[in-house]
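An overview of the molecular structure
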Amino acid sequence: MIIEPEPMTTTGDRSDPRGAPLPPPVRRIRLDEPATIANAPVVGEGAAPGSSRMRRATLRTHGPERMTLEGLTVAYGDNTVVKGVSLTIRQGEVLALIGPSGCGKTTLLRTLNRLTELTPSARRGGIIRIDGHDIDELEVTALRRRVSMVFQQPNPFPMSIFDNVAYALREQGSKRPATRTLEPYVHEALQRAGLWEEIKDKLDHPALRLSGGQQQRLCIARALAARPEVLLMDEPCSALDPKSTQVIEDLILELREELAVVIVTHNLQQAYRVGDDVAFMYLGDLVEYGAAEQVFGAPRAERTRDYVRGAFG
Amino acid sequence: MATRSTLPPLPSPSAPVPGGPGRKRRVNESVSTWRLTDRIGYLFMWAAGLLLCAIGIGIVLFMALKGLQYLRPSLLVSRPQADLDQSKSGGFLDPLLGTVILTIVGIVIATPLAVASATWVVEYGRPRWLGRAVESGIEIIAGTPDIVIAVFGLVLFQQGIFGWMSFTAQGGAVFGRSFLTAGSMMSLIALPMVFASTREGLQAIPSHVREASYALGKTKAATIRRVLLPSVRANISTGAALGMGRIAGDTAIVVVLLGASLQLDPQGDVPGLKTLKGTGGTLTSYVYNNSPAGEGNAPQKAYSAAFVLLLIVIALNFAVDLVARRGSAQGIETSRLGAAK
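Residues numbered from 1 in each chain as written. Chains lettered and ligands numbered in written order. Predicted model: local features only at pLDDT ≥ 70, side-chain atom pairs only at ≥ 80, totals over all residues.

A word on the sheet that holds strand E8 (residues 147-150) of chain A
Residue and element names in this part refer to chain A. Just so we agree on the cut-off: By this definition, two strands are paired if DSSP reports at least two bridges between them. We count a stretch as a helix when DSSP gives it H or I for four or more residues in a row; a strand needs E for two or more, and each element gets its number in order from the N terminus. Working convention: axes come from line fits to C-alpha atoms, limited for helices to the stretch in contact. Angles between N-to-C directions cover 0 to 180 degrees. Distance between backbone-placed C-beta atoms decides contact: two residues are in contact if it is within 7 Å.
Reading across from one edge, E8-E9-E10-E5-E11-E12 is the order of the six strands in this open sheet, with mixed pairing throughout. Strands at the two margins of the open sheet, each flanked by one partner only, are E8 and strand E12 (285-291). With direction set aside, neighbouring strand axes in the sheet form an average angle of 20°. Relative to strand E10 (residues 260-264), strand E9 (residues 230-234) is paired through five bridges, and the arrangement is parallel. Residue pairing in the sheet places leucine 232 in a bridge with valine 262 of E10. Strand contacts of helix H1 (residues 105-112): strand E5 (94-98), E8, E9, E10 and strand E11 (277-282), with the helix running at about 150° to E10, the strand carrying the most contacts.

Written out as structure tokens, the structure reads:
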């Protein structure tokens, strides 16, 4: 299937009598063509918009392993959505999960902190380890404090900015820590999320009054406040404008020094811009997994090549 | 394979040309191009809205005219007396207090029950048949006529174990009529409204908000207490205010379970509790008794009391609007959660 601009045969009937600008040409989707590869947007080093970023100089020497997945399989009822995936998530690196819609990326991500268990029909096979421990043997709340998550929709809670971040620190035991002892931790989390300068004077304002990009960074601050080892991000920029997206991408690149980041994204450019490792999934299978340069520049599998060059998806 | 449509364009009747570059006036849709049935429907919608508006204003104006004619400040602060001479039969302080006490007792019982059951139905609700049974039970309560609830309550509260709630005669017979028993049954009148608005508020919270809390390592209890219930605070207040309006306006339970007496009639010695254990009346029973249908037969006072009752209920309705509006101003309106779509 390829998408190509329809050739404009007659320009006369398209032009508006009052001289208004022409509508964009209709793009036609051809379904019955063989999957020929269109001229690829080159994403190799030195050409793509994201190539100016600082890649890790020591990419070949990996950071410490935080989580390992061995033969992870997840099914909703009879529908197997993740099929025997094995991956390694390392501190100091960003792992980008890419693939067409419905390929199991988000399910894989939600399985890492056992959020899939909230779906009654979900079943899981395979082993996930965090620092060598099976995650099933950890208490689920303890696991989720170590493996925190940012969602597609910015979802601050209906309370003040301060309380949103403090919520991550409160409610952990039977005793409620005093606000004053929490203050430095909240400030630090907001600083790490790059939100401090904008909101330091209005910590008591309702969080839902912030803009979408600020809300998402507040959600990141909230996730960081619990000092997780792994940060899961499920298409964190898909509801945001390009400027907020860039702010959050810069933030991801800063954060990866301190923790392991796994990001699900539909945006291939984004995967290349922020990802150190890229995993390409298709219909539940892990098709290709490797360094971003390799997956985008010299993919081994045909499917990956087609996908990263925009031939399908 | 997608092909271009070969069908000729459908005729579009007298489609007005969009305004040219020089025109300032915006061309609006004209009703005259609508089909007849649509025009009739349009007319009916306007007429229905205006008619209800007129009825509402009519009721308030009529009651204001009749009520204000006889309403004196002294009526609000003097106790009613049983007297044939209307100049000596006093005001309606006791019924006014009775309405307030009964409404508070009812809503204080109803709100926790309704919020707890709505939270259970939405957040747990397993096994599913039990969740459905709870909802059906509340629907049955909502559909039961108040006089049936009243009679049921009278039979229930005349049982010996409820003796502490009302007056007990020397032989051990339980009277079963008091503010406590009437308030308990009144809570069933208000409960469905609080339940429904709380449930709707909880259902409107997108699931990723709950998951965001779980993803921070929070328990379900902490999520409900600190995220979900604060989110539906405005819904709870709305339901409670509506329920209070229903309680203040109910008559059957007052007549059967409160005694509908002219004055508050405390029982026992404990301050506060003696009023709750005793019988009394409310504005509704006062209006009924003083209307030409009742034994008091003082229509002027009935009109005054009815006007005061109407003001109380209207005030509660305005409170609902105010709470809802303040809720949206603070951003705790549930539909704003995750609204950056």
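Quick word on the sheet that holds strand E4 (residues 79-90) of chain A
Residue and element names in this part refer to chain A. Spatially, four strands are ordered E4-E3-E6-E7 in an open sheet, and the strand pairing comes out antiparallel. Taken across any chain shown, the strands that pair with only one partner, and hence form the sheet edges, are E4 and strand E7 (133-134). By the bridge criterion, eight bridges tie strand E3 (residues 65-76) to E4 in an arrangement that is antiparallel. Note on E4: the bridge partner recorded for glutamate 65 is arginine 90. Lying on the sheet, H1 is in contact with E3, E4 and strand E6 (122-130); it crosses E3 at an angle near 120°.

Points about helix H1 (residues 36-70) of chain B
An α-helix turns once per 3.6 residues; consequently, residues spaced three or four apart project the same way. Spelled out, the test is: By this rule, a helix spans an expected 1.5 Å times one less than how many residues it contains. Think of it as a crowd count around each C-beta: if 20 or more other C-beta atoms lie within 10 Å the residue is buried, if 12 or fewer it is exposed, and in between it is partly exposed, with C-beta placed from the backbone throughout.
In a regular helix each residue adds 1.5 Å, so 35 residues correspond to 51 Å; H1(B) covers 51 Å between its end C-alpha atoms and thus fits that length. Of all the 35 residues making up H1(B), one are buried; the element is thus mostly uncovered.

Points about the environment of Val323(B)
Residue and element names in this part refer to chain B. The residue valine 323 is located in helix H13 (residues 299-329) in this model. Residues valine 323 and serine 237, 86 residues apart in the sequence, show an inter-C-alpha distance of 6.9 Å. Ignoring anything within four residues of it in the chain, the contact list for valine 323 reads Ala234, Ser237, Thr238 and Ala241.

A word on unusual backbone geometry
A cis amide bond links Arg126(B) to the next residue, Pro127(B), at an omega of -5°. Topologically, Pro127(B) is positioned in the loop between helix H3 (93-124) and helix H4 (128-143). One non-glycine residue, Arg227(A), lies in the positive phi region at around 50°. Even without being a glycine, Leu283(A) presents a positive backbone phi close to 50°. Using a count of 14 C-beta atoms within 10 Å as the deciding quantity, one classes Leu283(A) as partly exposed.

Examining the packing of helix H3 (residues 161-169) of chain A against helix H6 (residues 212-225) of chain A
Residue and element names in this part refer to chain A. Defined as follows: Roughly parallel means an angle under 35 degrees; roughly antiparallel, over 145; roughly perpendicular, 65 to 115; everything else is oblique. In this scheme the crossing of two helices becomes right-handed for a clockwise turn of the near helix relative to the far one and left-handed for an anticlockwise turn of less than a right angle. In this classification, Asp, Glu, Lys and Arg are treated as charged, Ala, Val, Leu, Ile, Met, Phe, Trp, Tyr, Cys and Pro as nonpolar, and every other residue, Gly included, as polar.
In the contact formed by H3 and H6, the axes pass within 7 Å of each other and the chain directions differ by 30°. The pairing of H3 with H6 is recorded here as roughly parallel in orientation. As for how H3 packs across H6, the hand of that crossing is right-handed. Side by side, H3 and H6 meet where Ile161, Asn164, Val165, Tyr167, Ala168 and Leu169 of the first sit next to Leu218, Ala221, Arg222 and Ala225 of the second. When the residues that make up the contact of H3 with H6 are grouped by side-chain class, the tally is eight nonpolar, one polar and one charged.

Remarks on the pairing of E8(A)
Residue and element names in this part refer to chain A. Alternating residues of E8 divide into Val147 and Met149 and Ser148 and Val150, and every residue in both groups is buried. Of the strand pairs in this sheet, E8 and E9 are connected by four bridges, and their pairing is parallel. Looking at the pairing, serine 148 lines up with leucine 231 of E9.

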